[in-house]
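# Survey of secondary and tertiary structure
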Amino acid sequence: MHLIELYQQQNFVFSIEIFPPKTEKNMEKLKITLEKFNGYTPDYFSVTYGAGGTSRANTHEMAAHIKHELGVPTMAHLTCVSHTAKEIDDVLTKLKNSEITNVMALRGDPTAGTERFIQPEGGYHNAGELISAVRNHSDFGIGAAGYPEGHVENPNKDDDRKHLHGKIAAGAEFIVTQFFLDNTHFLRWRDKLCEEEGVSVPLVAGILPPSNWKATSHMSEMCGVTIPEDLAEALLKHETDPEASKEIGFVHVEKQIEGLLREGVEGIHLYALNSLETVKRLGPKLRDAAGTSSVLSAN
Ligand code: FAD
């Protein structure tokens, strides 16, 4: 099953992104946590792909666990980083053999210590090339990344959107965005793409609850994401109070979610960072939205 079918059948799709831990012990712990996540019945889980090492194989293991043990649709992320085309081909064959039928195809970030992404020898240069490789390999459902505030390496937002069109033309069936903290950025980007540039694939909003000032300012700088002034002020004011900071973050994204639902967003992808607290807090609202829309679409 391609995940695009969920976006076509439902008015709203609730997905959760997790990352695979590096050790076997923590993999087992996460499997137990995932059963609790699953109580909030997300429509699918996606599993990130690390920069290298054991966590890469663990992406496959965790995605297979979700699909076969939890019985929930899953999407394995894959990046071009440090891979030849042949290695990418082998990863895709393994995913196919495990009946994992959806791939989030990404370029990946520059490796530690380098400022720019360097194309691996015999490998791919950007996500568009990887998407074509996935498309040519087998019948995979394909997701790709989008950047409402533009990609951090590309100061020209029009050019960045042009590359997004390229990814869709290569075979991306839906787009999941980088997190954003001000809905205006997402809504303007969506309007531009859909109303002016003829994009018709689902544009799924990525939501990440800010946990504290230090982590949020770091992530925002790394990803080129703007922090609204009132949020920055509140997080800074409670910099030394972890519980108050978390609450500020949750309240902020709850408002974002309400606004996005009012604007008829096709899906929300929750960057849960493996946190049960995040899923417990935001899962019911997102589940209700998905449930309501399923009922609406059935009528
Ligand atoms: P691309 O679409 O290739 O874009 C990268 C840059 O190149 C952009 O500046 C773009 O404007 C430019 N560009 C694109 N195509 C061309 C072209 N044809 N010619 C010239 N320039 C071009 N990272 C991980 O390591 N693992 C993960 O699991 C992971 N999951 C993610 C999930 C989501 C939903 C998102 C939004 C990001 C994720 N990332 C992950 C981060 C991602 O790898 C980085 O943001 C990375 O820097 C860009 O990846 P991309 O696929 O968007 O690249």
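Residue numbering note: each chain is counted from 1, following its sequence as written. Only residues with pLDDT of 70 or above have their local features reported here, since the model is predicted, and side-chain atom pairs are shown and tallied only from 80 upward, although totals for entire chains, interfaces and linings are computed over all residues. As a rule here, side-chain values come from all non-hydrogen atoms in the structure, and water together with hydrogens is ignored.

### Section: the confidence of the model for the protein
The quantity called pLDDT is the predictor's confidence in a given residue, expressed from 0 to 100. Residues with a pLDDT of 70 or more make up 97% of the protein, whose mean pLDDT is 95. When checking whether two residues touch, look at their non-hydrogen atoms; a contact exists if any pair is within 4.5 Å. Note on residues 294–299: pLDDT is under 50 here. Beyond four places in sequence and across chains, it has five contacts.

### Remarks on empty space enclosed by the protein
Cavities and pockets are found on a 1 Å grid laid over the protein atoms alone: a cavity is a set of points where a 1.4 Å probe fits but cannot escape, a pocket is an open set with protein on both sides within 12 Å along at least five of seven lines, and a lining residue has an atom within 4 Å of such a point. Grid points are joined across faces, edges and corners, and a volume is the space filled by probe spheres set on the points. This structure, assessed with the given rule, holds one cavity of 30 Å³ or more. Within this model, the largest cavity holds a volume of roughly 30 Å³. Taken together, Tyr 147, Pro 148, Glu 149, Gly 150, Gln 178, Phe 179, Phe 180, Cys 223, Gly 224 and Val 225 make up the lining of the largest cavity. The nonpolar class holds Ala, Val, Leu, Ile, Met, Phe, Trp, Tyr, Cys and Pro. Asp, Glu, Lys and Arg form the charged class, and all remaining residues, Gly among them, are polar. When grouped by side-chain class, the residues that make up the lining of the largest cavity number six nonpolar, three polar and one charged.

### Observations concerning the pattern of salt bridges
Two side chains bearing opposite charge may form a pair once their charged atoms approach each other closely. Put simply, a salt bridge is a Lys or Arg side-chain nitrogen that is within 4 Å of an Asp or Glu carboxyl oxygen. Within the structure shown, the criterion is met by 16 salt bridges. Linking Glu 153 and Arg 107 is a salt bridge whose minimum nitrogen-to-oxygen distance equals 2.6 Å. You can see Glu 153 sitting in the loop between strand 5 (141–146) and helix 6 (157–170) and its partner Arg 107 sitting in the loop between strand 4 (102–106) and helix 5 (127–137), a full 46 residues away along the chain. Relative accessibility thresholds used throughout: buried, under 20% of the residue-type maximum; exposed, over 50%; partly exposed, between the two (1.4 Å probe, protein chains only). By relative accessible area, which is 17% here, Arg 107 ends up buried. In this structure, Glu 258 engages Lys 285 in a salt bridge whose closest nitrogen and oxygen atoms are separated by 3.1 Å. Taken together, the positions of Glu 258 in helix 10 (residues 242–262) and Lys 285 in helix 11 (residues 276–298) put the pair 27 residues apart, joining distant regions of the chain. On the accessibility criterion, Lys 285 (29% relative accessible area) is partly exposed. One continuous salt-bridge network, built from bridges that share partners, spans Glu 28, Lys 31 and Glu 61. Numbering goes from the N terminus for both helices and strands, where a helix is a DSSP run of H or I of at least four residues and a strand is a run of E of at least two.

### Details of the layout of surface pockets
Approximately 310 Å³ is the volume attributed to the second largest pocket. Lining the second largest pocket are 17 residues, with Leu 208, Pro 209, Pro 210, Ser 211 and Leu 273 positioned closest to its centre. Of all the secondary structure elements, the ones that give two or more residues to the lining of the second largest pocket are helix 8 (213–223), helix 10 and helix 11. Take the lining of the second largest pocket: its biggest share by element is three residues, from helix 8. Along the lines of polarity and charge, the residues of the lining of the second largest pocket split into eleven nonpolar, four polar and two charged.

### Section: the packing of aromatic side chains
Classification of ring pairs rests on two measures: the distance between centres of Phe, Tyr or Trp rings, Trp counted by its six-membered ring, which must be within 6.5 Å, and the angle between planes, read as stacked under 30 degrees, edge-to-face over 60 and tilted in between. Scanning the entire structure with this criterion turns up five aromatic pairs. Judged by centre distance (6.5 Å) and plane angle (65°), the rings of Tyr 44 and Phe 174 are edge-to-face. Here Tyr 44, found in strand 2 (residues 44–47), pairs with Phe 174, found in strand 6 (residues 174–179); they are 130 residues apart in sequence, far enough to count as distant. Between Phe 186 and Trp 189, the ring centres sit 5.9 Å apart and the planes meet at 45°, which makes this aromatic pair tilted. Separated by three residues within a single helix, Phe 186 and Trp 189 lie in helix 7 (residues 183–196), roughly one turn from each other.

### Remarks on the packing of helix 9 (residues 229–237) against helix 10
When two helices pack together, you describe them by how their axes are tilted relative to each other and by the distance separating the axes. Two elements in contact, helix 9 and helix 10, have axes separated by 9 Å at closest approach and are oriented at 160°. When the axis of helix 9 is compared with that of helix 10, the two are roughly antiparallel. For the pair helix 9 and helix 10, the crossing hand works out as right-handed. Across from Leu 231, Ala 234 and Leu 235 in helix 9, the residues of helix 10 making contact are Ser 245, Ile 248 and His 252. Of the residues belonging to the contact of helix 9 with helix 10, the class tally is four nonpolar, two polar and no charged. Helix axes use the C-alpha atoms of the stretch in contact, all axes being lines fitted to C-alpha atoms, and the angles between their N-to-C directions lie in the range 0 to 180 degrees. Angles below 35 degrees are treated as roughly parallel, those above 145 as roughly antiparallel, those between 65 and 115 as roughly perpendicular, and all remaining angles as oblique. Handedness of a crossing follows from how the near helix is turned relative to the far one, being left-handed for an anticlockwise turn of less than a right angle and right-handed for a clockwise one.

### Quick look at the site of the ligand
Proximity criterion: a residue is near a molecule or strand once any of its heavy atoms comes within 4 Å of it. Tyr 49, Asp 109, Tyr 147, Asp 160 and Lys 167 are the nearest of the 22 residues found near the ligand. Note that an oxygen atom of the ligand is positioned 2.8 Å from one of the side-chain N or O atoms of Asp 160. The side chain of His 163 places a nitrogen or oxygen atom 3.2 Å from a nitrogen atom of the ligand. Using the Shrake-Rupley algorithm and a 1.4 Å probe, accessible areas are obtained, with residue cover drawn only from the displayed protein chains. Starting from 970 Å² of accessible surface for the ligand in isolation, the protein chains cover 82%. Looking at the shell around the ligand, the elements that each hand over two or more residues are strand 3 (74–79), strand 4, helix 6 and strand 6. Looking at side-chain class alone, the shell around the ligand contains eight nonpolar, ten polar and four charged residues. Side-chain atoms alone can form a polar contact between residues adjacent in sequence; in general such a contact is a pair of N or O atoms within 3.5 Å, and within protein one must be able to donate a hydrogen while the other accepts it.

### Concerning the environment of Ser 15
Checked against the element boundaries, Ser 15 lands in strand 1 (residues 13–18). Taking relative accessible area as the criterion, Ser 15 reaches 0% and is therefore assigned buried. Along the chain, Ser 15 and Lys 67 lie 52 residues apart, while their C-alpha atoms are 14 Å from each other. Those residues in contact with Ser 15 that sit more than four places away from it in its chain are Tyr 7, Tyr 44, Ile 268, His 269 and Leu 270. Polar contacts involving the side chain of Ser 15 include one to the side chain of His 269, which spans 2.8 Å.

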